[in-house]
Amino acid sequence: MQENVTRREKLFELMEENSAAIIFAGSPKIATADEEYPFKVNTNFFYLTNIQQENSVLLLVKGLGEHKTYLFVDEYSELKEKWTGRRITYEEARQFSDINSVHSTNDLNTFIELTLAKKDNQYGAIEKLYIDLTPEIRIKSRYDTVDFSHSVNEKFPHITVENIEPFLMQMRMVKSDYEIKCLKKAIDYTHQGIVHMLSNIRKNTCEYELADEFELYGRKIARLPLSFSTIVASGKNATILHYPYHQQNDVIDSYGLVLFDLGYSYNGYCADISRTYPVSGHFEGRAKLIYETVLKCNKAVIEYMHPGLTPKDVQEFSKEFLRNECLRVGLISEDEDIMKYYYHGVGHSLGLDTHDLQDRNRPYEVGNVITVEPGLYFAKYGIGVRIEDDVLITGSVNEVLSKDIAKEVKDIEKLLKNRTK
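Calculation criteria
- Residues numbered from 1 in each chain as written.
- Predicted model: local features only at pLDDT ≥ 70, side-chain atom pairs only at ≥ 80, totals over all residues.
- Heavy atoms only, no water.
- Disulfide = S-S within 2.5 Å.
- Core = buried A, V, L, I, M, F, W, Y, C linked by side-chain atoms within 4.5 Å.
- Buried < 20%, exposed > 50% of the residue type's maximum accessible area, 1.4 Å probe, protein only.
- Contact = heavy atoms within 4.5 Å.
- Axes fitted to C-alpha atoms, helices over the stretch in contact; angles between N-to-C directions.
- Helix = DSSP H or I, 4+ residues; strand = E, 2+ residues; numbered from the N terminus.
- Parallel < 35°, antiparallel > 145°, perpendicular 65-115°, else oblique.
- Left-handed = near helix turned anticlockwise from the far one by under 90°.
- Nonpolar A, V, L, I, M, F, W, Y, C, P; charged D, E, K, R; others polar.

A.B. asks: Just checking my understanding: could you explain the state of the cysteines for this structure?
C.D. replies: Between two cysteines, a covalent bond joining their sulfur atoms is known as a disulfide. In total, this model carries zero disulfides according to the counting rule given. Cys-326 provides the cysteine sulfur closest to Cys-297, a residue in no disulfide bond, and the two sulfurs are 9.0 Å apart.

Structure below.
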(Lines give C-alpha, C1' and ligand atoms only; values in the text may rest on other atoms or scores of the structure.)
Protein backbone atom coordinates (compact mmCIF):
# COMPACT_ATOMS: atom_id res chain seq x y z
CA MET A 1 0.00 0.00 0.00
CA GLN A 2 1.53 3.30 -1.11
CA GLU A 3 0.40 4.94 2.13
CA ASN A 4 2.85 2.75 4.06
CA VAL A 5 5.68 3.58 1.66
CA THR A 6 5.10 7.31 2.19
CA ARG A 7 5.06 6.86 5.96
CA ARG A 8 8.33 4.92 5.95
CA GLU A 9 9.97 7.56 3.76
CA LYS A 10 8.88 10.26 6.20
CA LEU A 11 10.23 8.26 9.12
CA PHE A 12 13.56 7.87 7.34
CA GLU A 13 13.69 11.67 7.02
CA LEU A 14 13.30 12.04 10.79
CA MET A 15 15.99 9.45 11.58
CA GLU A 16 19.62 10.52 11.86
CA GLU A 17 22.23 9.42 9.31
CA ASN A 18 23.94 6.13 10.19
CA SER A 19 21.03 4.89 12.23
CA ALA A 20 18.65 1.96 12.23
CA ALA A 21 15.17 1.39 13.62
CA ILE A 22 13.45 -1.77 14.72
CA ILE A 23 9.70 -2.00 15.35
CA PHE A 24 8.06 -5.16 16.65
CA ALA A 25 4.47 -6.21 15.95
CA GLY A 26 4.33 -7.82 19.38
CA SER A 27 3.31 -11.26 20.55
CA PRO A 28 0.29 -12.56 22.47
CA LYS A 29 0.18 -12.16 26.25
CA ILE A 30 -0.81 -14.82 28.76
CA ALA A 31 -4.18 -14.22 30.41
CA THR A 32 -4.19 -17.24 32.72
CA ALA A 33 -2.64 -20.72 32.66
CA ASP A 34 -2.19 -21.53 28.94
CA GLU A 35 -4.85 -19.07 27.76
CA GLU A 36 -3.77 -15.96 25.86
CA TYR A 37 -5.46 -12.58 25.47
CA PRO A 38 -6.68 -11.92 21.90
CA PHE A 39 -3.70 -10.56 19.99
CA LYS A 40 -3.69 -6.82 19.22
CA VAL A 41 -0.91 -5.66 16.93
CA ASN A 42 1.36 -2.80 17.95
CA THR A 43 -0.30 0.00 15.98
CA ASN A 44 3.05 1.68 15.27
CA PHE A 45 4.09 -1.48 13.42
CA PHE A 46 0.76 -1.68 11.57
CA TYR A 47 1.02 2.01 10.65
CA LEU A 48 4.28 1.31 8.80
CA THR A 49 3.54 -2.12 7.32
CA ASN A 50 -0.23 -2.76 6.99
CA ILE A 51 0.38 -6.16 8.63
CA GLN A 52 -1.35 -7.40 11.79
CA GLN A 53 0.34 -10.77 12.31
CA GLU A 54 2.12 -11.37 15.61
CA ASN A 55 5.89 -11.93 15.86
CA SER A 56 6.53 -9.80 12.77
CA VAL A 57 9.34 -7.24 12.78
CA LEU A 58 10.30 -4.18 10.70
CA LEU A 59 13.95 -3.16 10.33
CA LEU A 60 14.91 0.18 8.76
CA VAL A 61 18.55 1.06 8.02
CA LYS A 62 19.68 4.55 7.07
CA GLY A 63 23.31 4.83 5.98
CA LEU A 64 25.72 5.27 3.08
CA GLY A 65 23.24 7.61 1.44
CA GLU A 66 20.59 4.93 1.05
CA HIS A 67 17.59 3.53 2.87
CA LYS A 68 17.07 -0.20 3.37
CA THR A 69 13.83 -1.77 4.55
CA TYR A 70 13.43 -5.35 5.77
CA LEU A 71 10.34 -7.18 6.97
CA PHE A 72 10.42 -10.40 9.01
CA VAL A 73 7.47 -12.77 9.39
CA ASP A 74 7.11 -16.31 10.70
CA GLU A 75 7.86 -19.17 8.34
CA TYR A 76 5.04 -21.38 7.19
CA SER A 77 4.18 -24.10 9.71
CA GLU A 78 1.57 -26.71 8.87
CA LEU A 79 1.24 -27.65 12.54
CA LYS A 80 0.81 -24.05 13.69
CA GLU A 81 -1.89 -23.42 11.08
CA LYS A 82 -3.80 -26.45 12.37
CA TRP A 83 -3.85 -24.90 15.84
CA THR A 84 -4.09 -21.15 15.33
CA GLY A 85 -5.21 -20.50 11.76
CA ARG A 86 -3.75 -19.39 8.49
CA ARG A 87 -0.54 -17.35 8.33
CA ILE A 88 0.45 -14.84 5.66
CA THR A 89 2.97 -15.98 3.09
CA TYR A 90 6.10 -14.05 2.18
CA GLU A 91 4.45 -12.96 -1.07
CA GLU A 92 1.34 -11.74 0.74
CA ALA A 93 3.55 -9.86 3.20
CA ARG A 94 5.23 -8.13 0.22
CA GLN A 95 1.86 -7.19 -1.26
CA PHE A 96 0.37 -5.90 2.00
CA SER A 97 3.41 -3.85 2.99
CA ASP A 98 5.05 -2.88 -0.32
CA ILE A 99 8.33 -4.18 1.12
CA ASN A 100 10.28 -6.37 -1.28
CA SER A 101 12.84 -7.70 1.21
CA VAL A 102 10.82 -10.16 3.32
CA HIS A 103 12.58 -12.74 5.47
CA SER A 104 11.95 -15.33 8.15
CA THR A 105 11.96 -14.16 11.76
CA ASN A 106 14.49 -16.96 12.28
CA ASP A 107 16.98 -14.74 10.43
CA LEU A 108 16.27 -11.58 12.45
CA ASN A 109 19.17 -11.90 14.88
CA THR A 110 21.61 -12.38 12.02
CA PHE A 111 20.38 -9.19 10.34
CA ILE A 112 20.63 -7.31 13.64
CA GLU A 113 24.20 -8.51 14.14
CA LEU A 114 25.19 -7.46 10.63
CA THR A 115 23.49 -4.09 10.99
CA LEU A 116 24.88 -3.12 14.39
CA ALA A 117 28.37 -4.60 14.20
CA LYS A 118 30.99 -1.96 14.99
CA LYS A 119 33.10 -2.58 11.89
CA ASP A 120 32.25 -0.83 8.65
CA ASN A 121 30.17 -3.07 6.45
CA GLN A 122 27.71 -2.98 3.60
CA TYR A 123 25.14 -1.28 5.81
CA GLY A 124 27.48 1.50 6.92
CA ALA A 125 28.68 2.24 10.45
CA ILE A 126 25.47 2.39 12.48
CA GLU A 127 25.74 4.64 15.52
CA LYS A 128 22.13 4.87 16.75
CA LEU A 129 19.31 2.34 17.04
CA TYR A 130 15.73 3.53 17.38
CA ILE A 131 13.42 1.10 19.16
CA ASP A 132 9.69 1.41 19.76
CA LEU A 133 9.68 1.46 23.56
CA THR A 134 5.92 1.72 23.94
CA PRO A 135 5.26 -0.13 27.24
CA GLU A 136 4.29 -3.79 27.19
CA ILE A 137 5.17 -4.66 23.59
CA ARG A 138 6.13 -8.29 24.03
CA ILE A 139 8.69 -9.92 21.77
CA LYS A 140 8.20 -13.25 23.51
CA SER A 141 6.90 -14.42 26.87
CA ARG A 142 8.34 -12.32 29.72
CA TYR A 143 10.55 -10.37 27.29
CA ASP A 144 9.55 -6.99 25.91
CA THR A 145 11.11 -4.19 23.88
CA VAL A 146 12.59 -2.55 26.98
CA ASP A 147 14.40 -5.82 27.75
CA PHE A 148 15.54 -5.90 24.13
CA SER A 149 16.97 -2.39 24.41
CA HIS A 150 18.99 -3.44 27.46
CA SER A 151 20.42 -6.41 25.56
CA VAL A 152 21.44 -4.08 22.71
CA ASN A 153 23.22 -1.80 25.18
CA GLU A 154 25.13 -4.75 26.60
CA LYS A 155 26.05 -6.38 23.29
CA PHE A 156 26.71 -3.22 21.26
CA PRO A 157 27.99 -0.57 23.71
CA HIS A 158 28.95 1.75 20.84
CA ILE A 159 25.29 2.03 19.81
CA THR A 160 23.08 4.78 21.25
CA VAL A 161 19.52 3.53 21.85
CA GLU A 162 16.65 5.98 21.48
CA ASN A 163 12.87 5.66 21.60
CA ILE A 164 11.31 6.07 18.14
CA GLU A 165 7.81 6.70 19.47
CA PRO A 166 8.14 10.55 19.50
CA PHE A 167 8.75 10.44 15.71
CA LEU A 168 5.75 8.19 15.17
CA MET A 169 3.63 10.32 17.47
CA GLN A 170 4.50 13.40 15.41
CA MET A 171 3.53 11.57 12.22
CA ARG A 172 0.37 9.89 13.47
CA MET A 173 -1.15 13.02 14.99
CA VAL A 174 -1.64 14.57 11.53
CA LYS A 175 -3.99 12.41 9.48
CA SER A 176 -3.70 11.86 5.74
CA ASP A 177 -6.66 11.86 3.34
CA TYR A 178 -6.60 8.06 3.41
CA GLU A 179 -6.77 8.00 7.22
CA ILE A 180 -9.65 10.49 7.29
CA LYS A 181 -11.58 8.34 4.78
CA CYS A 182 -11.08 5.30 7.03
CA LEU A 183 -12.23 7.23 10.09
CA LYS A 184 -15.32 8.43 8.24
CA LYS A 185 -16.13 4.83 7.25
CA ALA A 186 -15.75 3.68 10.85
CA ILE A 187 -18.01 6.49 12.04
CA ASP A 188 -20.62 5.86 9.33
CA TYR A 189 -20.84 2.19 10.26
CA THR A 190 -21.00 3.13 13.95
CA HIS A 191 -23.94 5.41 13.13
CA GLN A 192 -25.73 2.48 11.48
CA GLY A 193 -25.00 0.29 14.50
CA ILE A 194 -26.44 2.90 16.86
CA VAL A 195 -29.68 3.16 14.87
CA HIS A 196 -29.96 -0.65 14.87
CA MET A 197 -29.27 -0.81 18.60
CA LEU A 198 -31.91 1.81 19.39
CA SER A 199 -34.52 -0.12 17.42
CA ASN A 200 -34.11 -2.93 19.95
CA ILE A 201 -34.93 -0.97 23.10
CA ARG A 202 -38.02 -2.59 24.59
CA LYS A 203 -39.59 -2.83 28.02
CA ASN A 204 -37.27 -4.71 30.42
CA THR A 205 -34.28 -4.48 28.06
CA CYS A 206 -30.99 -4.93 29.92
CA GLU A 207 -27.91 -2.82 29.28
CA TYR A 208 -25.87 -5.77 28.03
CA GLU A 209 -28.58 -6.66 25.51
CA LEU A 210 -28.16 -3.27 23.80
CA ALA A 211 -24.38 -3.66 23.84
CA ASP A 212 -24.74 -7.10 22.28
CA GLU A 213 -27.03 -5.74 19.55
CA PHE A 214 -24.44 -3.11 18.61
CA GLU A 215 -21.59 -5.60 18.57
CA LEU A 216 -23.52 -8.24 16.62
CA TYR A 217 -24.56 -5.68 14.00
CA GLY A 218 -20.91 -4.81 13.34
CA ARG A 219 -19.95 -8.46 12.93
CA LYS A 220 -22.95 -9.39 10.76
CA ILE A 221 -23.10 -6.38 8.44
CA ALA A 222 -19.45 -5.57 7.80
CA ARG A 223 -17.36 -7.94 9.96
CA LEU A 224 -16.05 -4.89 11.77
CA PRO A 225 -14.15 -5.20 15.04
CA LEU A 226 -14.87 -2.92 17.96
CA SER A 227 -12.72 0.09 18.74
CA PHE A 228 -13.10 -0.80 22.45
CA SER A 229 -15.51 -2.62 24.73
CA THR A 230 -19.00 -1.20 24.31
CA ILE A 231 -20.41 0.87 27.18
CA VAL A 232 -24.17 1.01 27.69
CA ALA A 233 -25.04 2.69 30.99
CA SER A 234 -28.48 3.65 32.24
CA GLY A 235 -29.47 5.88 35.13
CA LYS A 236 -26.84 6.20 37.87
CA ASN A 237 -24.52 3.82 36.01
CA ALA A 238 -23.88 6.60 33.47
CA THR A 239 -21.91 8.46 36.15
CA ILE A 240 -19.24 5.70 35.90
CA LEU A 241 -16.98 6.72 33.02
CA HIS A 242 -15.71 3.28 32.04
CA TYR A 243 -18.69 1.25 33.19
CA PRO A 244 -17.45 -2.33 32.61
CA TYR A 245 -19.30 -4.81 30.42
CA HIS A 246 -19.54 -7.50 33.11
CA GLN A 247 -21.54 -5.07 35.28
CA GLN A 248 -23.98 -4.01 32.53
CA ASN A 249 -26.83 -6.10 33.92
CA ASP A 250 -29.37 -3.47 34.96
CA VAL A 251 -32.74 -3.19 33.30
CA ILE A 252 -32.97 0.14 31.48
CA ASP A 253 -35.48 2.48 33.12
CA SER A 254 -38.22 3.30 30.64
CA TYR A 255 -38.32 6.89 31.90
CA GLY A 256 -34.60 7.53 32.35
CA LEU A 257 -31.57 8.22 30.18
CA VAL A 258 -29.20 5.72 28.63
CA LEU A 259 -25.60 6.67 27.79
CA PHE A 260 -23.59 4.70 25.29
CA ASP A 261 -19.92 5.04 24.42
CA LEU A 262 -18.95 2.85 21.50
CA GLY A 263 -17.46 2.48 18.04
CA TYR A 264 -16.32 0.15 15.30
CA SER A 265 -12.93 0.27 13.62
CA TYR A 266 -12.39 0.22 9.86
CA ASN A 267 -9.04 -0.79 8.37
CA GLY A 268 -7.69 -0.33 11.88
CA TYR A 269 -9.09 3.21 12.36
CA CYS A 270 -11.35 3.74 15.35
CA ALA A 271 -14.62 5.55 15.79
CA ASP A 272 -15.35 6.78 19.31
CA ILE A 273 -18.88 8.09 19.84
CA SER A 274 -20.87 8.90 22.96
CA ARG A 275 -24.54 9.81 23.01
CA THR A 276 -27.13 10.04 25.77
CA TYR A 277 -30.75 9.41 24.82
CA PRO A 278 -34.07 9.33 26.71
CA VAL A 279 -35.49 5.81 26.70
CA SER A 280 -39.06 7.15 26.62
CA GLY A 281 -38.28 9.12 23.48
CA HIS A 282 -38.62 12.54 25.14
CA PHE A 283 -36.30 14.69 27.25
CA GLU A 284 -37.99 16.07 30.34
CA GLY A 285 -37.28 18.09 33.47
CA ARG A 286 -33.83 18.05 35.04
CA ALA A 287 -32.54 15.46 32.56
CA LYS A 288 -33.32 17.81 29.67
CA LEU A 289 -31.66 20.73 31.47
CA ILE A 290 -28.46 18.75 32.06
CA TYR A 291 -28.47 17.40 28.51
CA GLU A 292 -28.86 20.83 26.92
CA THR A 293 -26.06 22.22 29.10
CA VAL A 294 -23.67 19.50 27.92
CA LEU A 295 -24.79 19.97 24.31
CA LYS A 296 -24.03 23.69 24.46
CA CYS A 297 -20.56 22.91 25.72
CA ASN A 298 -19.99 20.26 23.04
CA LYS A 299 -20.82 22.75 20.28
CA ALA A 300 -18.88 25.60 21.89
CA VAL A 301 -15.71 23.48 22.18
CA ILE A 302 -15.97 22.34 18.55
CA GLU A 303 -16.17 25.98 17.48
CA TYR A 304 -13.39 27.07 19.85
CA MET A 305 -10.75 24.49 18.88
CA HIS A 306 -8.23 25.70 16.32
CA PRO A 307 -4.55 25.29 15.39
CA GLY A 308 -2.24 26.81 17.98
CA LEU A 309 -4.33 25.90 21.03
CA THR A 310 -3.17 23.07 23.28
CA PRO A 311 -5.35 20.35 24.83
CA LYS A 312 -4.89 22.14 28.16
CA ASP A 313 -6.32 25.36 26.66
CA VAL A 314 -9.39 23.52 25.41
CA GLN A 315 -9.86 21.65 28.68
CA GLU A 316 -9.83 24.91 30.63
CA PHE A 317 -12.32 26.40 28.17
CA SER A 318 -14.72 23.46 28.59
CA LYS A 319 -14.37 23.50 32.36
CA GLU A 320 -15.13 27.22 32.58
CA PHE A 321 -17.99 26.95 30.08
CA LEU A 322 -19.70 24.18 32.05
CA ARG A 323 -19.13 25.98 35.33
CA ASN A 324 -20.77 29.16 34.06
CA GLU A 325 -23.68 27.33 32.44
CA CYS A 326 -24.32 25.16 35.51
CA LEU A 327 -24.33 28.26 37.71
CA ARG A 328 -26.63 30.06 35.31
CA VAL A 329 -29.28 27.31 35.27
CA GLY A 330 -28.90 26.41 38.95
CA LEU A 331 -27.26 22.99 38.64
CA ILE A 332 -24.42 23.99 40.98
CA SER A 333 -23.89 26.63 43.63
CA GLU A 334 -21.20 29.30 43.63
CA ASP A 335 -18.95 27.44 46.04
CA GLU A 336 -19.09 24.06 44.24
CA ASP A 337 -16.22 22.82 42.08
CA ILE A 338 -17.41 21.89 38.57
CA MET A 339 -14.89 19.03 38.51
CA LYS A 340 -17.08 17.29 41.08
CA TYR A 341 -19.55 16.77 38.23
CA TYR A 342 -17.20 16.91 35.22
CA TYR A 343 -14.24 14.74 36.07
CA HIS A 344 -12.50 13.91 32.81
CA GLY A 345 -10.74 15.53 29.88
CA VAL A 346 -12.74 17.05 27.06
CA GLY A 347 -11.00 15.10 24.30
CA HIS A 348 -8.14 13.05 22.94
CA SER A 349 -6.49 12.21 19.65
CA LEU A 350 -8.22 9.53 17.56
CA GLY A 351 -6.80 7.18 14.94
CA LEU A 352 -5.44 3.64 14.95
CA ASP A 353 -5.91 3.68 18.71
CA THR A 354 -9.01 5.03 20.39
CA HIS A 355 -6.68 7.09 22.56
CA ASP A 356 -4.23 7.69 19.75
CA LEU A 357 -0.63 8.82 20.13
CA GLN A 358 -0.64 12.46 21.23
CA ASP A 359 1.77 14.96 22.71
CA ARG A 360 -0.59 16.89 24.96
CA ASN A 361 1.85 19.80 25.17
CA ARG A 362 1.89 20.15 21.39
CA PRO A 363 -0.51 22.71 19.89
CA TYR A 364 -3.23 21.43 17.59
CA GLU A 365 -2.48 21.34 13.86
CA VAL A 366 -4.57 21.09 10.71
CA GLY A 367 -5.20 17.39 10.17
CA ASN A 368 -5.57 16.42 13.84
CA VAL A 369 -8.65 14.35 14.61
CA ILE A 370 -9.78 15.01 18.17
CA THR A 371 -12.76 13.78 20.17
CA VAL A 372 -14.92 16.42 21.85
CA GLU A 373 -16.71 14.82 24.79
CA PRO A 374 -17.85 17.08 27.63
CA GLY A 375 -20.09 15.53 30.26
CA LEU A 376 -21.95 16.14 33.49
CA TYR A 377 -22.49 13.43 36.08
CA PHE A 378 -24.91 13.95 38.95
CA ALA A 379 -24.98 10.75 40.98
CA LYS A 380 -27.45 12.35 43.43
CA TYR A 381 -29.99 12.57 40.59
CA GLY A 382 -29.01 9.29 38.92
CA ILE A 383 -28.15 11.20 35.74
CA GLY A 384 -24.99 11.07 33.64
CA VAL A 385 -24.73 12.79 30.25
CA ARG A 386 -21.85 12.70 27.77
CA ILE A 387 -21.93 13.84 24.15
CA GLU A 388 -18.88 12.86 22.11
CA ASP A 389 -18.08 13.77 18.52
CA ASP A 390 -15.05 13.01 16.36
CA VAL A 391 -13.73 16.27 14.91
CA LEU A 392 -11.20 17.08 12.18
CA ILE A 393 -9.30 20.32 12.79
CA THR A 394 -9.22 22.17 9.48
CA GLY A 395 -7.89 25.64 10.24
CA SER A 396 -11.25 27.25 9.44
CA VAL A 397 -14.58 25.65 10.36
CA ASN A 398 -13.78 22.32 11.99
CA GLU A 399 -15.36 19.28 10.34
CA VAL A 400 -17.52 17.17 12.64
CA LEU A 401 -17.00 13.69 11.20
CA SER A 402 -19.88 12.36 13.32
CA LYS A 403 -22.33 15.13 12.40
CA ASP A 404 -24.97 12.69 11.13
CA ILE A 405 -25.36 10.98 14.51
CA ALA A 406 -28.30 12.71 16.20
CA LYS A 407 -27.48 14.95 19.15
CA GLU A 408 -29.98 17.85 18.92
CA VAL A 409 -33.00 17.27 21.14
CA LYS A 410 -35.48 17.49 18.26
CA ASP A 411 -33.42 15.11 16.10
CA ILE A 412 -33.10 12.55 18.90
CA GLU A 413 -36.80 12.65 19.65
CA LYS A 414 -37.59 12.25 15.95
CA LEU A 415 -35.18 9.29 15.71
CA LEU A 416 -36.74 7.56 18.70
CA LYS A 417 -40.35 8.28 17.70
CA ASN A 418 -40.64 5.45 15.18
CA ARG A 419 -38.39 2.84 16.79
CA THR A 420 -39.69 -0.66 17.41
CA LYS A 421 -41.68 -0.82 20.64
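A.B. asks: Explanation requested: the nonpolar core in the structure shown.
C.D. replies: Nonpolar side chains in soluble globular proteins tend to be buried together. Counting 96 residues, the largest nonpolar core has Leu-11, Met-305 and Leu-376 as its most contacted members. Excluding anything up to four places from it in sequence, Met-305 contacts Val-314, Tyr-364, Ile-370, Val-372, Val-391, Ile-393 and Asn-398. Val-61, Phe-111, Leu-116 and Val-152 belong to the second largest nonpolar core, which has 20 residues in total.

A.B. asks: What should I look at first to understand the packing of helix 1 (residues 2-14) against helix 7 (residues 165-173) in this one?
C.D. replies: Each packed pair of helices is defined by two parameters, the angle between the axes and the distance between the axes. It is at 10 Å that the axes of helix 1 and helix 7 come closest, and there the two elements cross at 135 degrees. Viewed along their axes, helix 1 and helix 7 adopt a mutual orientation that is oblique. Viewed along their axes, helix 1 and helix 7 form a crossing whose handedness is right-handed. Contact residues: Arg-7, Lys-10, Leu-11 and Leu-14 in helix 1; Phe-167, Leu-168, Gln-170 and Met-171 in helix 7. In terms of residue class, the contact of helix 1 with helix 7 is built from five nonpolar, one polar and two charged.

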